[in-house]
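The lines below spell out each chain.
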Amino acid sequence: MFIKKLGCVCLALVVQACATPPKYTPITQQNRDSIKTLDVYNLVMQDEVRPSVDVTNVTGAMGGGLLSAAIDASVNDDRSNESRSLTEEFYIVTEDIDYRALQAQAVNSALETLKPTNPKSSAEVMVMADGEIKTRVAALKAGEGFLFLTSHYLFVDNFKVLQTGTTAYLYVGTGGKMDYTKATYKNDFIYQSPTVGDGGAASIKLWSADKGKLFREQLKNSLDTLREKMIYDMQPISNETCINTTTFAFPTQVGVQTITGNTVKTAADTSLIRSEDGALYTVSTVKLSPAKKNTCGVTKNAK
């Protein structure tokens, strides 16, 4: 049992690492133009959307250590089981959804101009080991590109919000020695749906209604915006100047964060925000604070 719990701890650490937005590294025109071939590894580990679960922090309270970490894992595992029981109807009415296929369709469309050599109809299931990533990156020749994508989707804020996220690492061979810790381009793309219901059973009922119609719509919206964000960001950006800054509350499984960033695009329903660390967020426009100022000179067009 203890080994099982430690396994949960290790998984939690992996998930946490994957969920941490990478430091934004914009692509340059030179690197973009130099890509002659592109190999893509598009990973989606989940078979279904994760339930919203409050995370304990026994580890912090007890000063760390394997025992406290195991307690955290055990408590959170119990809460996950409770959440899964609560969402049984939701999973039944949405079990036909193939997220990997839908996500791959959006990714393939976003990468059309780069003409990947190995487009697939469904995302990958198996994690690529660090050693294999290192080997692939080290073997890149001049003009060869390798794009590693990893995605997740889950409910946050007690089932009131659907969140999806994709992290992208692009490596482009230069003819010299390659370092897999230094990607040519990297960024994080996040989507959060409008708030649905009052949380818990009330929200789950709305997500489940009419064979999961609302969930299907929001999942489609998230993938449509993923495609748009990838097309927009995976090219040199030269027009992010003199745009308004804003803040918004960003619920996660470990609390609510306040994100500050620049408003790249806004509409009545959703807005595209580039956070201070460079990640691109699509969130409900009603969640944004009033623009505080204009920020000029924030040009991302690296030469």
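So, how was this worked out
- Residues numbered from 1 in each chain as written.
- Predicted model: local features only at pLDDT ≥ 70, side-chain atom pairs only at ≥ 80, totals over all residues.
- Heavy atoms only, no water.
- Core = buried A, V, L, I, M, F, W, Y, C linked by side-chain atoms within 4.5 Å.
- Buried < 20%, exposed > 50% of the residue type's maximum accessible area, 1.4 Å probe, protein only.
- Helix = DSSP H or I, 4+ residues; strand = E, 2+ residues; numbered from the N terminus.
- Contact = heavy atoms within 4.5 Å.
- Axes fitted to C-alpha atoms, helices over the stretch in contact; angles between N-to-C directions.
- Parallel < 35°, antiparallel > 145°, perpendicular 65-115°, else oblique.
- Left-handed = near helix turned anticlockwise from the far one by under 90°.
- Expected span 1.5 Å × (residues − 1).
- Bend = angle between axes of the 7 residues up to and from the residue.
- 1 Å grid on protein atoms, 1.4 Å probe; cavity = no way out; pocket = protein on both sides within 12 Å on 5 of 7 lines; lining within 4 Å.
- Points joined across faces, edges and corners; volume = space filled by probe spheres on them.
- Nonpolar A, V, L, I, M, F, W, Y, C, P; charged D, E, K, R; others polar.
- Arc of directions from axis to C-beta.
- Phe/Tyr/Trp six-rings, centres within 6.5 Å; stacked < 30°, edge-to-face > 60°.
- Polar contact = N/O pair within 3.5 Å; in protein donor to acceptor, adjacent residues only side chain to side chain.

### Digging into the nonpolar core
Considering soluble globular proteins, one finds that nonpolar side chains tend to be buried as a cluster.
Now for step 1: Grouped together as the largest cluster of nonpolar side chains are 41 residues, with contacts concentrated most on L147, L170, F215 and M230.
Now for step 2: Broken down by element, the residue count for this core peaks at 8 residues, all from helix α8 (residues 200–233).
Now for step 3: Ignoring sequence-local partners within four residues, the contact set of L170 consists of I27, I35, L38, F146, L147, A183, T184, Y185 and M234.
Now for step 4: Among the nonpolar cores identified, the runner-up in size contains 11 residues, and M128, V137, F148 and A183 belong to it.

### Observations concerning the packing of helix α6 (residues 99–110) against α8
Now for step 1: One way to put it is that α6 packs onto α8 with a least axis distance of 8 Å and a crossing angle of 25°. Taken as axis vectors, α6 and α8 run roughly parallel relative to one another. Like other packed secondary-structure pairs, α6 and α8 cross with a definite hand, here right-handed. On α8, the residues touching Y99, L102, Q103, A106, V107, S109 and A110 of α6 are L219, L223, L226, R227, M230 and I231.

### Quick notes on α8
Now for step 1: Relative to the 50 Å expected for 34 residues at 1.5 Å per residue, α8 spans just 35 Å between its end C-alpha atoms, considerably shorter than the ideal helical length.
Now for step 2: Maximal helix bending in α8 amounts to about 115°, located at K211.

### Description of empty space enclosed by the protein
Now for step 1: Enumeration according to the criterion identifies 3 cavities of 30 Å³ or more in this entry.
Now for step 2: Empty space within the second largest cavity amounts to approximately 110 Å³.
Now for step 3: Lining the second largest cavity are 13 residues, with V40, N42, N108, N118 and K120 positioned closest to its centre.
Now for step 4: Put simply, the parts of the chain that give the lining of the second largest cavity at least two residues each are β1 (37–44) and α6.
Now for step 5: Among the elements that make up the lining of the second largest cavity, the one with the highest residue count is α6 (3 residues).
Now for step 6: Looking at side-chain class alone, the lining of the second largest cavity contains 7 nonpolar, 4 polar and 2 charged residues.

### Details of α6
Now for step 1: Compared with an ideal rise of 1.5 Å per residue, which puts 12 residues at 16 Å, α6 spans 17 Å between its outermost C-alpha atoms and is within 8% of the ideal.
Now for step 2: Taken together, the buried positions of α6 are Y99, R100, Q103, A104, A106, V107 and A110. Angularly, the buried residues of α6 cover 160° about the axis, an arc narrow enough to put them on a single face.
Now for step 3: Those residues of α6 hidden inside the fold are in contact with β1, β2 (144–156), β3 (161–172) and α8.

### Let's talk about the packing of aromatic side chains
Now for step 1: Evaluated as defined, the whole model comprises 13 aromatic pairs.
Now for step 2: Ring geometry for F90 and F215: centres 4.9 Å apart, planes at 85°, overall edge-to-face. Highlighted residues: F90 in helix α5 (residues 88–94) and F215 in helix α8, separated in sequence by 125 residues. For the pair F90 and F215, a shared accessibility class is recorded, and that class is buried.
Now for step 3: Considering the side-chain rings of F155 and F215, the 5.9 Å spacing of their centres and the 50° angle between planes classify their relative orientation as tilted. With F155 in strand β2 and F215 in helix α8, this pair connects stretches of sequence that are 60 residues apart.
Now for step 4: A connected cluster of aromatic rings, assembled from ring pairs, spans F90, Y91, F155, F159, W207 and F215.

### Describing the side chain of S193
Now for step 1: Residue position: S193 is located in the loop between β4 (185–192) and α8.
Now for step 2: In this view, S193 contacts K160, V161, L162, W207, Q218, S284 and K287; residues no more than four positions away in its chain are not counted.

### Digging into the environment of T166
Now for step 1: With respect to the helices, strands and loops of the structure, T166 is situated in strand β3.
Now for step 2: T166 sits in the buried class, given a relative accessible area of 2%.
Now for step 3: Measuring from C-alpha to C-alpha, the distance between T166 and L149 comes to 6.7 Å, with 17 residues separating the pair along the chain.
Now for step 4: Residue contacts for T166: discarding those within four places in its chain leaves Q103, L149, T150, S151, N187, D188, F189 and L226.
Now for step 5: Only 2.7 Å separates the side chain of T166 from the side chain of S151, close enough to count as a polar contact.

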